[in-house]
Amino acid sequence: MDKHYDPQTIENKWYQWWEQNGHFHDEPANGGEPYSVVIPPPNVTGILHMGHALNNTIQDVLVRWRRMQGRNTVWMPGTDHAGIATQNVVEKALRKEGMHRRDIGREKFLERVWEWRKEYGGTIVRQLRKLGASCDWSRERFTMDEGLSESVSEVFCRLYDEGLIYRGNYIVNWCPRCHTALSDEESEHQETAGHLWHIRYPVTGGGELVLATTRPETMLGDTAVAVNPADERYQSLIGKTVMLPLMNRDIPVVADDYVDREFGTGVVKITPAHDPNDFWVGQRHNLPVMDVMNGDGTMNELAGKYVGLDRFECRKQVVEDLVSAGFMVKIEPHQHAVGHCYRCDTVVEPRLSKQWFVRMKPLAAPAIEAVRSGKVCFTPQRWEKTYFEWMENIRDWCISRQIWWGHRIPVYTCNACAREWAAKTNPEKCPSCGKTDFVQDEDVLDTWFSSWLWPFSTFGWPKENPDLRFYYPTHDLATAPEIIFFWVARMIMAGCKFMDDVPFRNVYIHGTVRDDKGRKMSKSLGNSIDPLDIIAKYSADSLRFSLMLITSTGMDVYVNMEKFEIGRNFATKVWNAARFMKMHMEKLEGVDWHALANDTPELDAALLRDDDRHLLARCDAVIKTVTEHLEKFRLQDGALAIYDFIWTDFCDWHLEYAKQDLYGTDEARRRQMLALMTGVFAKALKLLHPYMPFLTEELWHQMGYGTSDETIMRVLWPQPFSTTEAATWGLSPEVTAYVDAKRELVTAGRALRSDYNIAPSLFVKYVIQSVDVAAAERLQADLETLKQQLRSEEIVIVTGTNCSDKQAMPGTLCKLGTVCLPLEGLVDVKTEAARVKAELDKTIGFLKSVEAKLSNAGFVDKAPAAVVAQQREKQQELTATIERLQTLYSTFRAG
RNA sequence: GGGCGUUUAGCUCAGUUGGUUAGAGCGCGUGCCUCACAUGCACGAGGUCACUGGUUCGAGUCCAGUAACGCCCA
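Quick caveat, the model's predicted, so the values are computed rather than measured.

Conventions adopted
Residues numbered from 1 in each chain as written. Chains lettered and ligands numbered in written order. Predicted model: local features only at pLDDT ≥ 70, side-chain atom pairs only at ≥ 80, totals over all residues. Heavy atoms only, no water. Helix = DSSP H or I, 4+ residues; strand = E, 2+ residues; numbered from the N terminus. Buried < 20%, exposed > 50% of the residue type's maximum accessible area, 1.4 Å probe, protein only. Contact = heavy atoms within 4.5 Å. Near = heavy atom within 4 Å. Polar contact = N/O pair within 3.5 Å; in protein donor to acceptor, adjacent residues only side chain to side chain. Core = buried A, V, L, I, M, F, W, Y, C linked by side-chain atoms within 4.5 Å. Patch = residues over 30% accessible without salt bridge, like charges linked within 9 Å, V, L, I, M, F, W, Y side chains within 5 Å. Areas by Shrake-Rupley, 256 points an atom, 1.4 Å probe, with all protein chains shown as cover. Salt bridge = Lys/Arg side-chain N within 4 Å of Asp/Glu carboxyl O. Lys, Arg positive; Asp, Glu negative; His and termini not counted. Charge placed at Lys NZ, Arg CZ, Asp CG, Glu CD. Axes fitted to C-alpha atoms, helices over the stretch in contact; angles between N-to-C directions. Parallel < 35°, antiparallel > 145°, perpendicular 65-115°, else oblique. Nonpolar A, V, L, I, M, F, W, Y, C, P; charged D, E, K, R; others polar. Phe/Tyr/Trp six-rings, centres within 6.5 Å; stacked < 30°, edge-to-face > 60°. Lys NZ or Arg CZ within 6 Å of the ring centre and 35° of its normal. Pairing = 2+ DSSP bridges. Right-handed = clockwise from strand over helix to strand, strands pointing away.

Asks: A description of the side chain of H584 should follow, citing residues and the corresponding values.
Replies: As for its placement among the helices and strands, H584 is situated in helix α17 (residues 565–585). By relative accessible area, H584 is classed as buried at 3%. Sequence-distant contacts of H584, that is, excluding residues within four places in its chain, are made with L662, Y663 and L674.

Asks: Tell me about the protein's contact with RNA strand B, residues and numbers included.
Replies: Surrounding RNA strand B, one finds 50 residues, the nearest of these being T572, R579, Y663, F846 and K862. If you look at RNA strand B and keep only atoms within 4 Å of the protein, 63% of those are sugar or phosphate atoms. The separation between a sugar or linking oxygen of RNA strand B and a polar side-chain atom of R579 is 2.4 Å. Here a phosphate oxygen of RNA strand B and a side-chain polar atom of S849 are 3.5 Å apart. When residues of the surface near RNA strand B are traced back to their parent elements, those giving at least two are β7 (187–202), α17, α20 (635–662), α24 (733–755), α27 (829–854), α28 (857–862) and α29 (865–894). The leading source of residues in the surface near RNA strand B is α17, at ten residues.

Asks: So what's going on with the environment of L699? Which residues, and what values?
Replies: Considering the arrangement of structural elements, one finds L699 in helix α22 (residues 693–702). L699 sits in the buried class, given a relative accessible area of 0%. When the C-alpha positions of L699 and M1 are compared, they lie 9.7 Å apart, and in sequence the two are 698 residues distant.

Asks: Requested: an account of the nonpolar core, with residues and values cited.
Replies: Nonpolar side chains in soluble globular proteins generally cluster together in the buried interior. If you look at the biggest cluster of nonpolar residues, it comprises 177 residues, and the most contacted ones within it are F449, F681 and Y691. Here this core takes 13 residues from α20, the largest share from any one element. Beyond its immediate sequence surroundings of up to four residues, Y691 is in contact with V61, D541, R544, F545, M548, L630, L635, G638, A639 and I642. With 30 residues, the next largest nonpolar core counts V227, L244, V253 and M328 among its residues.

Asks: Give me the side chain of Q789: which residues, what numbers.
Replies: Looking at the element boundaries, Q789 is found in helix α26 (residues 783–790). Overall, Q789 belongs to the buried group, its relative accessible area being 9%. Discounting chain neighbours no more than four positions away, the residues touching Q789 are W653, Y657, V746 and R750.

Asks: Can you lay out a positive patch on the surface for me, pointing to particular residues and giving the numbers?
Replies: On the surface, a cluster of positive charge is made up of K92, R95, K96 and R177. Among the secondary structure elements, R95 is positioned in helix α3 (residues 83–96).

Asks: Can you lay out the packing of helix α2 (residues 50–68) against helix α16 (residues 540–550) for me, pointing to particular residues and giving the numbers?
Replies: It is the contact of α2 with α16, at a shortest axis distance of 10 Å, that shows an interaxial angle of 90 degrees. Relative to α16, the element α2 is oriented roughly perpendicular. Each of M50, A53, L54, T57, I58, D60, V61 and R64 in α2 lies in contact with α16, whose residues at this interface are L543, R544, L547 and M548. Here the contact of α2 with α16 is composed, by residue class, of eight nonpolar, one polar and three charged.

Asks: I'd like a rundown of the packing of aromatic side chains, residues and numbers included.
Replies: Evaluation of the coordinates by the stated rule reveals 46 aromatic pairs. With centroids separated by 5.2 Å and ring planes inclined at 50 degrees, the aromatic side chains of Y15 and F24 adopt a geometry described as tilted. We note that Y15, like F24, is buried. It is R490 that lies over the ring of W397; its NZ or CZ is 4.0 Å from the centre.

Asks: Lay out unusual backbone geometry in plain terms, naming residues and giving numbers.
Replies: With an omega of 10 degrees, the peptide bond between W461 and P462 qualifies as cis. Along the chain, P462 turns up in the loop between α12 (454–457) and α13 (466–471). With a phi angle near 45 degrees, A82 is a residue other than glycine that sits in the positive phi range. One non-glycine residue, F633, adopts positive backbone phi at about 60 degrees. By relative accessible area, which is 5% here, F633 ends up buried.

Asks: Hey, could you go over the environment of D275 for me, with residue numbers and the actual values?
Replies: Positionally, D275 belongs in the loop between β12 (267–270) and α7 (276–285). Remark: the alpha-carbon pair of D275 and L352, spanning 77 residues in sequence, is separated by 8.3 Å. With near-sequence residues (within four places) excluded, D275 lies in contact with I171, R215 and P350.

Asks: Explain the sheet that holds strand β23 (residues 504–509) residue by residue, including any values.
Replies: Reading across from one edge, β15-β23-β22 is the order of the three strands in this open sheet, with parallel pairing throughout. Whereas interior strands pair on both sides, the edge strands pair on one side only; in this sheet they are β15 (377–379) and β22 (474–479). Averaged over all pairs of adjacent strands, the angle between their axes in this sheet comes to 20 degrees, without regard to strand direction. Examined bridge by bridge, β15 and β23 share three bridges and lie parallel to one another.

Asks: Before we move on, could you go through the pairing of β22 and cite the residues and values that matter?
Replies: Counting buried positions along β22 yields six of six residues, so the element is predominantly enclosed. Here five bridges tie β22 to β23, and the two strands are oriented parallel to one another. Across the sheet, residue A478 finds its bridge partner in β23, namely Y508. Note on the crossover from β22 through helix α14 (residues 484–499) to β23: the handedness is right-handed.

Asks: So what's going on with the sheet that holds strand β28 (residues 811–813)? Residues and values would help.
Replies: By way of backbone hydrogen bonds, the strands of a sheet pair with one another, either parallel or antiparallel. Pairing in this open sheet of four strands is mixed, and the strands run β27-β26-β29-β28 from one edge to the other. Among the strands making up the open sheet, the edge pair consists of β27 (792–799) and β28. The sheet shows a mean angle of 20 degrees between the axes of neighbouring strands, taken without regard to direction. The pairing of β28 with strand β29 (residues 817–820) spans three bridges and is antiparallel.

Asks: Any details on the pattern of salt bridges? Residues and values, ideally.
Replies: One pass over the full model with this rule turns up 49 salt bridges. One salt-bridge network, held together by shared partners, links R215, D275, R311 and E349.

Asks: So, the pairing of strand β11 (residues 249–255): which residues are in play, and what are the values?
Replies: Two faces make up the sheet, and in a regular strand the side chains alternate between them. Sheet topology note: the strand β9 (residues 224–227)/β11 ladder contains three bridges and is parallel. Note that in β11 the partner of A226 across the bridge is V254. Connecting the antiparallel pair strand β10 (residues 241–244) and β11 is a turn made up of four residues, with L246 showing a positive phi of about 70 degrees.

Written as structure tokens, this is what we have:
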């Protein structure tokens, strides 16, 4: 094996091999229990960022783990056509050529988008491969491909025919830059520093009203002012008219409950065409609607002399004119939330327009029930609350977009008889009059109108087929919190509506990846870390493992480049442990490592020693721990458990311990030791595989655990020993406790060396005063181990407190006995006395707290018997310890 | 305005049903290139668990309130 692990070539090699050999693929005919996951389809314009890295690592860990459990596993990959985003990208390219999409027309434009997709659309999909994602690429889908488009029209037509899709004139969020309507979710509210302009409106027949607004330019479209009907201040004005400044129009004063008496002056201007609340006030009072803007955010003819001005330029002008005409009362700074386009960050304009909507209330009801009844579970559970909150107050979904890239709305209108209908395929004639003169709606559907079908459209719906039957409903969905409304909730609704079943059982909502200052990573801030840079510097395994190790379930994660060293260091550790074993394996002949790694260990129970049993027991425990954590989406705890097991148990303790055998001359022992380590290391590699797929696959082959055509991806997830097996190998809590105690003693002995500045290269003598004869015998049997671990030339074990060596020695109390370092003449008696005294004081303090509890009647009466017993035991233990410490202390005082 | 989250070692965070005197990694200090690994080994220092009050025999953990920071929705 190479001295240094070279992840770059190895990772590419294995990924290709896995993919080419179909290891990511499964199908219903293979039978078994299904496990399916659909990827949150990244935008086809996307490039891999840390959020993707986290999201997909989580999925891959789950998917690889379930696959190893023998589940019939499919991870469905694909990309989203991302209507507005993709159209923006291609429009930008066109602009560079000095053209606008209208210059080339719809058809040519769409050709350009498809070309773009062909050339650049595969970027993120290639990058997911670098990450190691075990997606079934043979199933890869795209929201605009034929099958998915069919699902979209099917769903649209069904909803249309049921009356759940309607067209209406409402205030929508309009992006003047993208030139399209947006859904409420696509308009992101941002706190913005603005102003509150107080404007005077003269009352016809004398007097005036002062009102406050944050968007003065919209006054050009005012058709009323409103006050609260219960507001005494303005009672006399209701029904009168006021003169709209600058426009010299008379508009009525209406009374409406919507008006907040506390806000500003308690009077608001009503602009039905440019504010959703005003729109509803307008409806209630039959007010005219005056749209004063164009789709691009400039003012139209209805804005009078302001025609042609951009909305913000117009705002300036209007304010100036109000000031010079004496209508401006005051201007205050004002902080308020302003909607921004989620694609281009332009300030969204609420604007009246004719759009298509989905009636959501009837769809929401079963979806709410699905979560309430536990058919869909959120992890962490608190997100259910967010889900319910939104679902119970759901508003109709604006699904039409005034762009070209997307699924065109399949609604047709007959020019001859005005019949409007929806059709899944291009119609030949009008279903009413039979004429062929009809037109299709110009708009396309919101991108999410295809994504909400993703869990079943990707499996071939609406066609009835084995994949759909077998893999639907899927099992786990991993995604970010900001996607709950956009996607998760809508998928649940679509699943309930069209499949009569939920789309997935578990939703794991993970956190956001932030920089180390807690800021969201973004291009504009320039604080992003490119996952590919991490892969290039440290490897995909390091990226994956580090991310999993530092990300607590559902919590945000703060990253910087250095944090990924932990994964790199761990990979190196594992590699070196393997290299060490391999070195010794090569000295033996005729050993079937493959069998040892895959079957029940062939060990000679008689040759097993307590340290070996300890390793087996710890390995068994870690199998249980990791499995349990994965079941609960506690991927961090799973990673930590393996990390700790491999690093501390396997390498620091057992591998060092094994050296006495491996460098020894007894071949039976060498065989036994390597057989034992092979069994354990193979299990550890399996447990690690979901987190570090590449390294574990490489070692699986290098170590000869798998034949050249076997992959660790498909070996079975390790199982803990049965009770019989555990008994055969002599595993017991007692044995584990003994080895733990022995390690405590070794650590104490090393600390003594360290305290006395004894160079690690020096071999020294130790004296161990064991607590009893049994401990003495056991330690005696382990003498060689102890000598090695303590780097000692001689260890004298004596029983009881009577040390044969009359001299005072530095010593530390342990469960098995007192470990002492005889240092003739070198002992600083005073220092040692102080050291023991400190230990003694600490122990007495501890005992006092235990005794305080035990003398508390309430505790003894009410605490569970086991807890009380535990404290009693502690009390005895501490008392004994104190006694021994006092003896030790007196030695130094006497000396 | 409504909701949610966070606050534990210098830093980043674990701590699952309340029960030993609270753990990890990084960083820091000391000593080591000891025959897998200096991307390492050994040893060590470091915390009145944000604050106030309550429940309890017992609170980092449960309840109420306060403060700071962050997120979501209106």
